[in-house]
Amino acid sequence: MRLLNRSAGRLSRHRRGPVAGLVVLLLGLLLTGGLYAAFAPAQADSKADQEELVKQGRELFLVGCAFCHGANGQGVLTQGGSQYGPALTDVGEAAVDFQVGTGRMPMAQPGTQVPRKEVVYTKDEIAALSAYVGSLGTGPAIPDAELYDSERPGDLNGDGKEDDQDREILVTRGGQIFLANCTACHNFEGSGGAMPRGGFAPKIRGVDSKHIYEAMLTGPQSMDTFSDGNIPPEDKKAVIAYLETLDKAPSYSGFTLGSLGPVSEGIIAWVGGIGLLVGFAVWIAAHTTRSSKKKDEAAA
Amino acid sequence: MTVGDMSQVATTNGTTPAPTKGAQRAGAIANWADERLGLGTAMKKNLRKVFPDHWSFMLGEIALWSFVVLLLTGVFLTLWFDPSMTEVHYNGSYDPARGREMSSAFASTMEISFDVRGGLLMRQMHHWAAMIFIASMMIHMMRVYFTGAFRKPRELNWVIGCLLLLLGTIEGFTGYSLPDDLLSGTGVRAADGFMKASPVVGSYMSFFLFGGEFPGDAIIPRFYVMHILLIPGILLGLVAAHMLLLVYHKHTQWPGPGRTEENVVGYPMLPVYMAKAGGFFFIVFGVITLLGGLFSINAVWKYGPYDPSKVTAGSQPDWYMGWPDGLLRIIPAWETHIFGITLSWNVMIPILVMPPLMLMILIALPFIESWITGDKREHHLLQRPRNAPTRTAIMVALMTFYGLSWAAGGNDIIAIKLHLSINQITYFMRGAVFIGPVIAFIITRRWCISLQRHDEEKLLHGYESGVLVRSPEGGYAEKHLPLPEAKAYTLTARDRDPEPETVEEIEASGLAGRQVRVRKLRAKLQALFYADNVQKPTAEELHDAQHHAEHELHELESQIAAGPNRHGPTEH
Amino acid sequence: MSDAHTPDPTGHELVPVEPIADPGLPEHQWRPTDVDPAKEKRAERQVATLFGLSAVCVVLFLVAYFTLDIGDNWHVVFGFGASTMALGFTLGLALLLIGVGIIHWARKLMGDHEISELRHPARSSDEDREGTLQALSAGLEESGIGRRPLIRNSLLGAVGLLGLPAVVMLRDLGPLPGDKLYHTIWGKGLKDKPMRIVRDEIWTPILASDLEIGDLVNCQPDALKNPERYDIDPTEVEGVNLQIHKSKASLILLRMNPGDIKPGKDAEGKSRENWTVDGIVAYSKICTHVGCPISLNERTTHHLLCPCHQSTFDLADSGKVVFGPAGRPLPQLPIAVDEQGYLVAQSDFDEPVGPSFWERDYYDRW
């Protein structure tokens, strides 16, 4: 056993230190300056690129999406007044990147809920579609990689380094936030669960960290949103770190049977346990082969 | 005992020739023990005690041996488990939980899982053994019921068996709750809700059990004492009584040549039965160990410590609590508020009424049947399920009810795995738990009667030999051959159902009032119980049929001899 | 068959003779291992091999026990924890092989003559019964229990009363419920400092403007982390007490389109119109059926599902039950914002949260 080297107090003590404040200020200035220097000259180009991307996206949209979502993403109502395809004016880039990036859109057939399937569009096409829909109105942008990169936990224990200990803290915190906010629908291991009227919370294991982040941000389909005002970005990262840890951790206890809890365990107990043991019982009580010979005949 | 007596015993044993030195020593030990315990007399009777051999007679053994495995693994777990709800900060090896607050019970469960070598194996074995223990008790009970082994003189052993099933279930539930993880805590929380729903004293019961308000800090230590002392003690006592009665009554057997109500045919306790039972112990132990090593069960580190504000999708109890949980899911929202009191039918019916009712029905089954049939004889020969169609159908109906309720307890998993709506499953189950058992009863009963008819056919007309014969007219017929004598005897080795009393007979009996009504009711039930059963043929019927079959066979053979394209000697 | 001789239980019909007479036990047939010494030897070797393999498994078990690491550095094989699997596999096989070996031995080599033993009726013999009855009546007679009803009845009464101490002594298992089930810590807010609503596990207060439409927040009362702010003794929110408070005070906050909300009536029949803030509603997280925490919300319908027994509540319509076994709506918490703009509880719930209990409707009494 190894003792955990962290305490809640340490983080704030360092921040309060006068030298630390100065260091942070200097670092911040340096960083801002550096970033500006790196990105400013390219901005003119990127603006033109962006317009080109939106244009491409619009073309793709008209072919693949407009039938349900309307030519300008305004949505299509059925005659009865219910939504055929919802309006996409304020869903944001992140929503498109999630829906198309996980293959949920375009929809193969109408249903209670769109399942995840093979991705239809290429990476560039998805970027173009996102850019177009993003240009229609407000809504969250595609998150920067830094937001969901759990290898960059930040200096959480305040020892001046960003290392494994910080990641451990991030994972532990993520586990708690996961259990408080996610397991109710997605199950304790992210295996998914049932929702009313044929809906379901999908399995969220083995999903791209970016998509997890986008799902929290945009609340796909019937899912609640977990906006940055609800769960701050650093805590979203913690949840992602926890899920990644679950993915990487060995199965300490053997085959997990889909991690669905006692139902699958009960099936194994009956089929595997009782089934096998009754099989043995049949063997134990079965009659052995018989010989037509008599004992003294054989001896003779 | 006088000195003279003792010397005589010693002399008797001492004069037995000893072929080898080892045997001599063994003899000496046996002598030493017998002089003090008098084992000789008790063992003489039992060492060669006969046990009949059939796979279905070993189902109870699975329960017995998994109970032994439970005791062994359970003792191992107690060496580390700390049944306390004191909050501690986890400091063990499982990284994602490090630093988290949790109860000592959960922390020590984590320690057993991650810091004790083989601890996780033992935990999983203990849990698998518990699941198998209860499952095997149930299939053993089904076997006893379907074969009529519960009849006189074994009714009390049936009752003991029912109590064992009840205690096993409670033992399972208390054990499931001990790790204090999110899943088991949710179960305990539901149990708190059940208690609060009890009429009049509900909230008081809850406060007394939890030592205050839920969750309190008393429930784990209290469950622990129940789980490792109180219930296992009673279980052990009842298991001993169950086995003693088994030895006293001697095991039932299937009818067959040489097997009667007055004897028991099989292998002697020493060596064959002992070897088979002992071997089976190792097999049960081995299978449970393999399950424990290969299959994950209750991975507490993923659930995390119990926290009353958290929950996971797929919150289910272990399988044996699944059926009341299913009823709890499908019951409509019935709650009455009257005169300032609250009656939660939506909890009381599925939890406080149905399981005790089911247990009482099970316990009462042998007594109800013997009252209806009026059969007060001892029975040691088993019946095939088909030869008691109503009995078989009753149990299948009960099993159908159980099975549907059970499935309802997994409605969320069924919904996601089969892409159905939990709402629709629930609506379906609300009807199915009533209609299903009725349909199952009718189908089973008719099925049994058809099988009886099939048996009768075989007895009277022989078995289908698989040889097709073409008649001169071009028709095809299958050659039937008479059953071997032993098989035919086995098929006829069953009781004829008695004729129920008629109304006239009852009225002529000179009784009056309530007694007559009871007799009439009984006669009516008896008629229903035996209705449409096929009785075994009489000696005369069998003789006629065999005569007829021989004649037919003879005819067929002569036709064959006449060849396919020639007309045979018979006139049609 | 015995019924060839015994009359039917009702005794008014003689059963016809058995159609086929019992042919008796069949002649014993020998097994190949009984008559063929080579086969016998082979079976013997097989059994010994099984036992030998079992011993090998035990050795492997020991090797696995001492070489495979757990704790901080699990050895991993094919993505599985190597120790558990190897220990289970070797020990399981060791046991199984002994079992299979013994059974094989019994089936092939042990004597397999079926023998027959006579049964005896379960009842005791008539003499024994007679003797027992005599002994019993002699004993009863000598005790005089039948002749002295005064002694008998007073003894029965006294022994019966002994049940009372047994029951009464359980009294201190726990305190009486009192009014505990009627209150939660939400009611502990102060006049100038109403109880703030904080994010569960993150423990930060929530600005109404933080939330977007469609957000669901799992919440706790601020007092669980900042008891001093509300003049609450810190021990009140530690250990057991913390769990007790959480089990009643857990809350879900949902922001929806204000137009979707149909305000219901409170316990006194007044409208719940001012119980929300800009489309933000707060409901108890504890199911009214048997008390599972629930937060499985469908954003599009505002239907909240319980994962335990699938009760479904409509959060846009006063938490009304729309499906499943729960008998009552989810209790709603009236919320407001404090001067810094953080969401706070206006008061406690106006009804007990969680599962029903007998005296629940005596709420006015408290």
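Residues numbered from 1 in each chain as written. Chains lettered and ligands numbered in written order. Predicted model: local features only at pLDDT ≥ 70, side-chain atom pairs only at ≥ 80, totals over all residues.

A. Spotlight on the overall build of chain B. When its secondary structure is counted, chain B shows 21 helices and 8 strands. Compactness check: chain B gives a C-alpha radius of gyration of 31 Å against a globular reference of 25 Å for 572 residues, more than 25% above the reference. Once the C-alpha set of chain B is aligned to its principal axes, its extents read approximately 100 × 80 × 65 Å. In chain B, buried positions account for 46% of the 572 residues. (Helix = DSSP H or I, 4+ residues; strand = E, 2+ residues; numbered from the N terminus. Rg over C-alpha atoms; globule rule 2.2 N^0.38 Å. Buried ≥ 20, exposed ≤ 12 C-beta atoms within 10 Å, placed from the backbone.)

B. The interface of chain C and chain B, seen in detail. Between chain C and chain B, the residue contacts involve 93 residues of the former and 112 residues of the latter. Where the side of chain C that touches chain B is concerned, the elements lending two or more residues are α3 (82-108), β3 (115-118), α7 (239-249) and β11 (320-323) of chain C. The leading source of residues in the side of chain C that touches chain B is α3 of chain C, at 18 residues. Across the side of chain C that touches chain B, the residue classes tally to 52 nonpolar, 23 polar and 18 charged. (Contact = placed C-beta atoms within 7 Å. Nonpolar A, V, L, I, M, F, W, Y, C, P; charged D, E, K, R; others polar.)

C. Quick look at the sheet that holds strand β9 (residues 303-305) of chain C. Residue and element names in this part refer to chain C. Taken in spatial order, the 4 strands of this open sheet run β8-β9-β10-β11, and their pairing is antiparallel. Whereas interior strands pair on both sides, the edge strands pair on one side only; in this sheet they are β8 (296-298) and β11. Ignoring strand direction, the axes of neighbouring strands in this sheet form an average angle of 35°. As paired strands, β9 and strand β10 (residues 312-314) are joined by 3 bridges and run antiparallel to one another. The partner of L305 across the bridge, within β10, is T312. (Pairing = 2+ DSSP bridges. Axes fitted to C-alpha atoms, helices over the stretch in contact; angles between N-to-C directions.)

D. Structural context of the confidence of the model for chain C. Residues and elements named next belong to chain C. In the predicted model, chain C carries a mean pLDDT of 90, and the fraction of residues at 70 or more is 94%. Residue range residues 1-14 is modelled with pLDDT below 50. Its contacts to residues more than four positions away, or to other chains, number 22 contacts. Complex prediction metrics read pTM 0.90 and ipTM 0.91. (pLDDT = per-residue confidence, 0-100.)

E. Structural detail: the interface of chain A and chain B. Residue-level contacts link 53 residues of chain A with 61 residues of chain B. Elements with a minimum of two residues in the side of chain A that touches chain B: α8 (164-181), α9 (183-186), β3 (193-194), β4 (200-201), α11 (233-248) and α12 (262-285) of chain A. Looking at side-chain class alone, the side of chain A that touches chain B contains 31 nonpolar, 17 polar and 5 charged residues.

F. Region of interest: the packing of helix α4 (residues 59-78) of chain B against helix α11 (residues 269-294) of chain B. Residues and elements named next belong to chain B. Two elements in contact, α4 and α11, have axes whose closest approach is 9 Å; the angle formed by their N-to-C orientations is 60°. Accordingly, the angle class assigned to the pair α4 and α11 is oblique. The interaxial crossing formed by α4 with α11 has right-handed handedness. Side by side, α4 and α11 meet where E61, I62, W65, S66, V68 and V69 of the first sit next to A277, F280, F281, V284, F285 and I288 of the second. Its residues placed into classes, the contact of α4 with α11 shows 10 nonpolar, 1 polar and 1 charged. (Parallel < 35°, antiparallel > 145°, perpendicular 65-115°, else oblique. Left-handed = near helix turned anticlockwise from the far one by under 90°.)

G. Quick look at the environment of M205 of chain B. Residues and elements named next belong to chain B. By secondary structure assignment, the location of M205 is in helix α9 (residues 202-209). Take M205: there are 19 C-beta atoms within 10 Å of it, and that puts it in the partly exposed class. Spatially, the C-alpha atom of M205 lies 6.4 Å from that of M195, the residues being 10 residues apart in sequence. Each residue touching M205, except ones within four places of it in the same chain, is listed here: M195 and S198.

H. Region of interest: the nonpolar core. With 262 residues, the main nonpolar core has I132, V284 and I288 of chain B together with I197 and I335 of chain C as its most contacted residues. Here this core gets 18 residues from one element, more than from any other, and that element is helix α6 (residues 119-146) of chain B. For this core, the two domains that each supply at least three residues are domain 1 (32-114 + 130-173) and domain 2 (180-345) of chain C. In this view, I132 of chain B contacts A269, G273 and I274 of chain A together with I62, S66 and I288 of chain B; residues no more than four positions away in its chain are not counted. Counting residues in each nonpolar core, the second largest holds 6 residues, with L459, A488, L491 and A493 of chain B among its members. (Core = buried A, V, L, I, M, F, W, Y, C linked by C-beta atoms within 7 Å. Domains from an automatic or database assignment.)

I. Quick look at the pairing of β11 of chain C. Residue and element names in this part refer to chain C. Bridge analysis of β10 against β11 gives 3 bridges, and the strand direction is antiparallel. Across the sheet, D314 pairs through a bridge with K320, a residue of β11. Where β10 hands over to β11, the hairpin turn is made up of 5 residues, of which S318 adopts a positive phi near 55°.

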